[in-house]
Amino acid sequence: MGSQPKAYLDHTFLKSEEARPIRILAEYLEPKRRFEVQNIQDTVVFFGSARIHSREAAQQSLDELTKAHGVSSNRQVSEILARGRRAVEWSRYYEDARVLARKLTEWSRGLDTSHHRFVVTSGGGPGIMEAANRGATEGGGKTIGLNISLPNEQGPNPYITDGLHFEFHYFFMRKFWFAYLAKALVIFPGGFGTCDELFEILTLAQTDKLTKKIEVILYGREYWNQVLNLQPMADWGAITEQDLELLRYADTPGDAFEQLREHLVKYHLEPATEQEAAAPGIAKTRG
């Protein structure tokens, strides 16, 4: 008779439909344990497109395209070169996210606290996520990457602190760790995923589900004013005018940093509850 592994060592069972509750619980308990070990109290989350590259990478790509295609009048080539030039223009958001993350990290490291406060956190992938982790690393602090395993993307970026790279299978468990440690969000230009995370937090704030106050900053008016106009919702009565005030705006790293610092000092420097003063300081929810 062959040996039978214990249930918690049986990989066939752990990957089965019946063991789904165990896998879900693991994506709560394992990150919680690591946050405790790393002494992480709370976070500031950066969201944005994975398709925004550094200025250096975008310029190099454009140079290669120009070298390969020249200045052809061919429509297809013109469109390719136009996309390359737009990528260089868009790269300013990567550089701004990098600068903002560095400034925030340098400031938070100077706080008189026994825990790591307001730790820069991203989705762990490329683009704005990489820029945030990179800037925080350059600022000398710890930085978190909450990565999600997807069929075609995304690998973790190299700037996440050792021990703070997490791989999630379940989107909702990843969302939990984004929302329940965050004291503020900075939303850079992005697509469906970025908007999904934005509206998730806006809903929690609007419904007053969390006891904490979360700052939400949309970075880059030029982009967001074209993409996101919520005024018609208020005009039709789907939300209130006051709900529109849940969103703040910034166009420079300096402006965004000052807004973040003001909010964090006013509402979160002294945790509102014993639970939020722990590491990790998981937010309390209202019943």
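Computed from a predicted structure; not experimentally measured.

A few points about the overall build of the chain
Secondary structure assignment for the chain yields 10 helices and 7 strands. Seen along its three principal axes, the alpha-carbon backbone of the chain occupies a region of about 70 × 60 × 45 Å. Taking all 287 residues of the chain together, 46% fall into the buried category. A fraction of 73% describes how many contacts in the chain between residues 6 or more apart in sequence connect residues 24 or more apart. With an accessible surface of roughly 15,400 Å², the chain has 52% of that area assigned to carbon and sulfur atoms.

Focus: the packing of aromatic side chains
Tallied over the entire structure, the rule returns 16 aromatic pairs. A centroid spacing of 5.6 Å and a plane angle of 15 degrees characterise the contact between Tyr28 and Trp177, whose relative ring orientation is stacked. Pair noted here: Tyr28 is in helix α2 (residues 20-38) and Trp177 is in helix α6 (residues 171-181), with a separation of 149 residues, a long-range link. Judged by relative accessible area, which is 24%, Tyr28 ranks as partly exposed. Linked through ring pairs, Tyr28, Phe35, Phe166, Phe168, Phe176, Trp177 and Tyr180 together constitute an aromatic cluster. Over the aromatic face of Tyr267 sits the side chain of Lys213, whose NZ or CZ is 5.5 Å from the ring centroid.

Observations regarding the packing of α2 against α6
Direction vectors running N to C along α2 and α6 enclose 35 degrees, while the axes themselves pass 9 Å from each other. Crossing of α2 over α6 shows right-handed handedness. Counted together, Ile24, Glu27, Tyr28, Pro31, Lys32 and Phe35 of α2 and Phe172, Met173, Phe176, Trp177 and Leu181 of α6 form the full contact between these two elements. Considered class by class, the residues forming the contact of α2 with α6 number 9 nonpolar, no polar and 2 charged.

Structural notes on the sheet that holds strand β6 (residues 215-219)
An order of β4-β3-β2-β1-β5-β6-β7 is seen for the 7 strands of this open sheet, with the pairing classed as parallel. Lying at the two open borders of the sheet, with one neighbouring strand each, are β4 (165-168) and β7 (247-250). This sheet shows a mean twist of 25 degrees between the axes of neighbouring strands, independent of strand direction. Pairing between β6 and β7: 4 bridges, direction parallel. For Ile217, the partnering residue across the bridge sits in β7 and is Arg248. Helix α7 (residues 192-206) contacts β1 (43-47), β5 (182-187), β6 and β7 of the sheet and is inclined by roughly 150 degrees relative to β6.

Some details on the packing of α6 against α7
At their nearest, the axes of α6 and α7 sit 11 Å apart, and the two run at 55 degrees to each other. Accordingly, the angle class assigned to the pair α6 and α7 is oblique. As α6 runs across α7, the sense of the crossing is right-handed. Judged by residue contacts, Arg174, Lys175, Phe178 and Ala179 of α6 engage Asp196, Glu197, Glu200, Ile201 and Leu204 from α7.

Comments concerning the nonpolar core
Within the largest apolar cluster, 39 residues are counted, with the highest numbers of intra-cluster contacts made by Phe35, Ile144, Leu146, Leu185, Ile187, Leu198 and Val216. Looking at this core, the elements with two or more residues in it are β1, β3 (143-148), β4, α6, β5, α7 and β6. Ranked by residues supplied to this core, first place goes to α6 with 6 residues. Those residues in contact with Phe35 that sit more than four places away from it in its chain are Ile40, Ile144, Leu146, Leu164, Phe166, Trp177, Leu181 and Pro280. Formed by 27 residues, the second largest nonpolar core is a distinct cluster that contains Trp107, Phe118, Ala136 and Ala256.

Comments concerning the pattern of salt bridges
In this structure the tally under the stated criterion is 19 salt bridges. Here Lys183 makes a salt bridge to Asp42, at a shortest N to O gap of 3.6 Å. You can see Lys183 sitting in strand β5 and its partner Asp42 sitting in the loop between α2 and β1, a full 141 residues away along the chain. The exposure classification of Lys183 matches that of Asp42, with both residues buried. The partner of Arg248 in a salt bridge is Glu215, and the shortest N-O contact between them spans 3.0 Å. With Arg248 in strand β7 and Glu215 in strand β6, this pair connects stretches of sequence that are 33 residues apart. Residue classification places Arg248 among the partly exposed residues on the basis of a relative accessible area of 33%. On the basis of relative accessibility, which here comes to 6%, the residue Glu215 falls in the buried class. Within the structure, one salt-bridge network assembled from shared partners comprises Asp42, Arg117, Lys183 and Glu276.

Rules behind the numbers
Residues numbered from 1 in each chain as written. Predicted model: local features only at pLDDT ≥ 70, side-chain atom pairs only at ≥ 80, totals over all residues. Heavy atoms only, no water. Helix = DSSP H or I, 4+ residues; strand = E, 2+ residues; numbered from the N terminus. Buried < 20%, exposed > 50% of the residue type's maximum accessible area, 1.4 Å probe, protein only. Contact = heavy atoms within 4.5 Å. Areas by Shrake-Rupley, 256 points an atom, 1.4 Å probe, with all protein chains shown as cover. Phe/Tyr/Trp six-rings, centres within 6.5 Å; stacked < 30°, edge-to-face > 60°. Lys NZ or Arg CZ within 6 Å of the ring centre and 35° of its normal. Axes fitted to C-alpha atoms, helices over the stretch in contact; angles between N-to-C directions. Left-handed = near helix turned anticlockwise from the far one by under 90°. Nonpolar A, V, L, I, M, F, W, Y, C, P; charged D, E, K, R; others polar. Pairing = 2+ DSSP bridges. Parallel < 35°, antiparallel > 145°, perpendicular 65-115°, else oblique. Core = buried A, V, L, I, M, F, W, Y, C linked by side-chain atoms within 4.5 Å. Salt bridge = Lys/Arg side-chain N within 4 Å of Asp/Glu carboxyl O.

Function cannot be inferred from these measures alone, as they are strictly geometric.
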